[in-house]
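Chain residues, written in single-letter form:
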Amino acid sequence: MTGVQTCALPILAPEKNASTIDQAMGRIHARLEAHAPARRGAPAARAMAGAPAAVPRAPRFAPAGQSTQMVVGADASDDRSILQTSVSLYRRHRLKRVYYAAFSPIPHASPRLPPLAAPLMREHRLYQADWLMRFYGFDEHELVTPGGMLSLTMDPKLSWALAHPEAFPVDLNRASRETLLRVPGLGTTSVQRLLGARRVRMLRRADVERLGTEAARVLCFVALPDHRPRPQALQAWLQRRFGGDGPGTAAGTSPPAALPAQRDLFEPAPQPAATGA
């Protein structure tokens, strides 16, 4: 299913009905739930010795689950309302994924549609925020700026951290998994590794440095027995990452110097440069 915000449907897609779409998704969810017991009770794979295991047959109805796509930038909806809609769909209809697509104009389109394409970076930030909501414990209202939009300058997790200095530094040896997942630079895998290591010994700076390229970012937000972050270190990292004076210490709201642009579908392809004989 593909759609825009409910309030814009009568204008941008008068042939569609938000209530009908929602009811259809509800029916699919109900059928998926009805098939769940049979799926859980499917026999385990069995095979003769030395033969490859037989793969149990996937359920006939929607084995990949249900998903939808939201067009971004076709109306005035801000990122907060888009993410709220996604959360509602995940909770009510147990969707596997919500996809986001930046609006791209086409020739001879309705005058109700915007003439310019939505930034691809906005689409990218929505995917990042969606991931943070599903796997990192963030709520949608935490990730957007006061204006209701996601920062285009930096990822939502870093933007949240810079807007909440009171939450840092995090004690890497005492913090809960939920708190560690909010540290910029730490993902689910690295958090699991750190939790496993600290069960047997005290974590130190060297343990963070073994994480690889994200170590410099992580060290700006965590405290260890042999490390305490300094504000100057964070500012220096921001300058290296973003150039100039960095984005500051509040959630970034201004776009970077050059954002990825979506080319027009009918734009002529660039001609290769001529080479001398």
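Residues numbered from 1 in each chain as written. Predicted model: local features only at pLDDT ≥ 70, side-chain atom pairs only at ≥ 80, totals over all residues. Heavy atoms only, no water.

Undergrad: Sorry if this is basic, but what is going on with the overall build of the protein here?
TA: Secondary structure assignment for the protein yields 11 helices and 5 strands. In the protein, which comprises 277 residues, the share counted as buried stands at 37%. Sequence-distant contacts, at least 24 apart, represent 63% of the contacts inside the protein between residues at least 6 apart. When the accessible surface of the protein is summed, it comes to about 16,600 Å², and 56% of that surface belongs to carbon and sulfur atoms. (Helix = DSSP H or I, 4+ residues; strand = E, 2+ residues; numbered from the N terminus. Buried < 20%, exposed > 50% of the residue type's maximum accessible area, 1.4 Å probe, protein only. Contact = heavy atoms within 4.5 Å. Areas by Shrake-Rupley, 256 points an atom, 1.4 Å probe, with all protein chains shown as cover.)

Undergrad: So what exactly am I meant to see when it comes to the packing of aromatic side chains here?
TA: One pair of aromatic rings is described through two measures. These are the centre distance and the angle between the planes. Summed over the entire model, instances satisfying the criterion amount to 5 aromatic pairs. Geometrically, the ring pair formed by Phe 168 and Phe 221 is edge-to-face, given 5.2 Å between the ring centres and 65° between the ring planes. One end of the pair, Phe 168, is in the loop between α6 (156–163) and β4 (170–171); the other, Phe 221, is in the loop between α10 (215–219) and β5 (222–223), and 53 residues separate them in sequence. Phe 221 shares its class with Phe 168; the two are buried. Members of the aromatic cluster, connected to one another through ring pairs, are Phe 138, Trp 160, Phe 168 and Phe 221. In this structure, Arg 182 packs its charged tip against the face of Phe 138, placed 4.1 Å from the ring centre. Sitting over the face of the ring of Phe 242, Arg 241 holds its NZ or CZ atom 5.0 Å from the ring centroid. (Phe/Tyr/Trp six-rings, centres within 6.5 Å; stacked < 30°, edge-to-face > 60°. Lys NZ or Arg CZ within 6 Å of the ring centre and 35° of its normal.)

Undergrad: Looking at this structure, how should I read the environment of Tyr 136?
TA: Looking at where Tyr 136 falls in the secondary structure, it is placed in the loop between α4 (120–135) and α5 (140–143). Tyr 136 has contacts with Trp 131, Lys 157, Leu 181, Leu 186, Gly 187 and Thr 188, leaving out every residue within four places of it along the chain. Engagement of the side chain of Tyr 136 in a polar contact is seen with the backbone nitrogen of Thr 188, the distance being 3.4 Å. (Polar contact = N/O pair within 3.5 Å; in protein donor to acceptor, adjacent residues only side chain to side chain.)

Undergrad: Help me understand the pairing of strand β3 (residues 97–102) in this model?
TA: Note on strand geometry: in a regular strand, side chains alternate between the two faces of the sheet. Two strands pair when backbone bridges link them, and strand β2 (residues 67–72) and β3 are joined in this way by 6 bridges, in the parallel orientation. Following the sheet pairing, Val 71 is matched in β3 by Ala 101. Handedness of the β2-helix α3 (residues 79–93)-β3 crossover: right-handed. (Pairing = 2+ DSSP bridges. Right-handed = clockwise from strand over helix to strand, strands pointing away.)

Undergrad: Could you clarify how one ought to interpret unusual backbone geometry in this entry?
TA: Leaving glycine aside, a negative phi is the common case for residues, and trans is the common case for peptide bonds. Of note, the amide linkage connecting Phe 168 to Pro 169 takes the cis form, showing an omega dihedral of 0°. Within the fold, Pro 169 resides in the loop between α6 and β4. In this structure, Arg 94 takes a positive phi of about 50° despite not being glycine.

Undergrad: What's the story with the side chain of Ser 151 in this structure? I'm lost.
TA: Mapped onto the fold, Ser 151 is located in the loop between α5 and α6. A distance of 3.3 Å separates the side chain of Ser 151 from the backbone nitrogen of Met 154, its partner in a polar contact.

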